[in-house]
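Spelled out, the chains give:
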Amino acid sequence: MGKTMTDTAKPDSETDDAKVLEDIVQRARAAFDEKKLRFTSLREQVFSEIALIRGSIGAYEILERLADKGTRLAPISVYRSIDALMEAGVIHRLESKNSYFACRRHEHGKKGRPIFMSCEQCGGVVEVPAQGIFDQVAELARSVEFTPKVKFMEVSGVCKVCREKAQGEGGNSG
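Residues numbered from 1 in each chain as written. Predicted model: local features only at pLDDT ≥ 70, side-chain atom pairs only at ≥ 80, totals over all residues. Heavy atoms only, no water.

## What about the sheet that holds strand 5 (residues 153-157)?
And step 1. Taking strand neighbours across the sheet as the criterion, the 3 strands line up as 4-3-5 in an open arrangement whose pairing is mixed. Because the sheet does not close on itself, it has two edges, and the strands there are strand 4 (125-129) and strand 5. Neighbouring strand axes in the sheet, compared pairwise and without regard to direction, differ in orientation by 25° on average.
And step 2. The pairing of strand 3 (residues 114-119) with strand 5 spans 5 bridges and is parallel. Counted as the bridge partner of F116 is E154 from strand 5. (Pairing = 2+ DSSP bridges. Helix = DSSP H or I, 4+ residues; strand = E, 2+ residues; numbered from the N terminus. Axes fitted to C-alpha atoms, helices over the stretch in contact; angles between N-to-C directions.)

Below, the structure written as C-alpha cells:
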C-alpha cells in the first residue's frame, strides 16, 4: 500500500490533522442528518479512514487500517458502510481504481456535478465544478438520440505538486 498524506504528516501537525478530521466528520454527520440516515459508529470509523487520505483508498485497505487499530470486521461490513456513505454523498467512488475518497465539496446540488481529477503519481484527488461539461454531454447525446447515464467523470494526469517536483528533479540532474 502506498504512503498517504497522514502517513507522512509531521508530528507537530497531528493537532491540525485532528481538527481538520473533526470538521470533516461534523460535515458528514450533518449530511447524514439532512438525509435522515444514521451515522453509526462503524460508518464514522470507515469515513474517518477515507477522509484521512489525500487520494483514494480501496475497501480492503480500509479493512486493514481498521484492523491495525484493533477493529476486525468482515468485508461486507465495510462495503455496507461505504454504500451508506455514498448514499449520504460524503464519499465518492473512483471507478477506474475501484477506490473511494472523501467529498470535500458539499454544495454539489448548488454548483452542479464535479469532475474528479486524479493524480497518477501521488494519488491525490481533486473535485472541480464542471456542470457545463455535463450539459454539453447531455446535448451531444440528445443530438444522436442517446440517453447517457453519466454521474461523474474522471480525468487522470499529474497534479501541479508532482509536476513541479519532477521538473525540479530533472533540472538538478544535468
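## Focus on the nonpolar core
And step 1. Residues F47, I50, I62, I82, L85, V90 and I91 are the most contacted members of the largest nonpolar core, which totals 27 residues.
And step 2. For this core, the elements supplying multiple residues, two or more each, are helix 1 (14-34), helix 2 (41-51), helix 3 (59-68), helix 4 (75-88) and strand 2 (99-102).
And step 3. Ranked by residue count, the leading element in this core is helix 1, at 6 residues.
And step 4. Contacts of F47, omitting those with residues within four sequence positions, involve I24, V25, A28, F39, L85, V90, I91 and A102. (Core = buried A, V, L, I, M, F, W, Y, C linked by side-chain atoms within 4.5 Å. Buried < 20%, exposed > 50% of the residue type's maximum accessible area, 1.4 Å probe, protein only. Contact = heavy atoms within 4.5 Å.)

## Let's talk about the pairing of strand 4
And step 1. As defined by bridge partners, strand 3 adjoins strand 4 across 5 bridges and the pair is classed as antiparallel. Residue pairing across strands places I115 opposite V128, the latter belonging to strand 4.

## A word on the confidence of the model for the protein
And step 1. Counting all residues, the mean pLDDT for the protein is 85, and 85% of those residues have values of 70 or more.
And step 2. When pLDDT is averaged over each element of the protein, helix 3 comes out on top at 97 and helix 5 (residues 108-111) at the bottom at 60. (pLDDT = per-residue confidence, 0-100.)

## Details of the pattern of salt bridges
And step 1. Here the structure, examined in full by the defined rule, presents 7 salt bridges.
And step 2. Its salt-bridge partner being R29, residue E44 comes within 2.7 Å of it at the nearest N-O pair. With a gap of 15 residues between them, E44 in helix 2 and R29 in helix 1 connect regions that are remote in the sequence.
And step 3. Its relative accessible area of 27% is what places E44 among the partly exposed residues. (Salt bridge = Lys/Arg side-chain N within 4 Å of Asp/Glu carboxyl O.)

## Here we look at the environment of S96
And step 1. With respect to the helices and strands, the residue S96 is situated in the loop between strand 1 (91-94) and strand 2.
And step 2. Linking S96 and S156, residues 60 residues apart in sequence, is a C-alpha distance of 9.4 Å.
And step 3. Within the structure, the side chain of S96 is placed 2.5 Å from the side chain of E154, a separation counted as a polar contact. (Polar contact = N/O pair within 3.5 Å; in protein donor to acceptor, adjacent residues only side chain to side chain.)

## Regarding the packing of helix 2 against helix 4
And step 1. It is the contact of helix 2 with helix 4, at a shortest axis distance of 9 Å, that shows an interaxial angle of 80°. It follows that helix 2 is roughly perpendicular to helix 4 by the angle criterion. For the pair helix 2 and helix 4, contact is made by L42, R43, V46, F47 and I50 and by S77, S81, I82, A84 and L85, respectively.
And step 2. Taken together, the residues that form the contact of helix 2 with helix 4 break down as 7 nonpolar, 2 polar and 1 charged. (Parallel < 35°, antiparallel > 145°, perpendicular 65-115°, else oblique. Nonpolar A, V, L, I, M, F, W, Y, C, P; charged D, E, K, R; others polar.)

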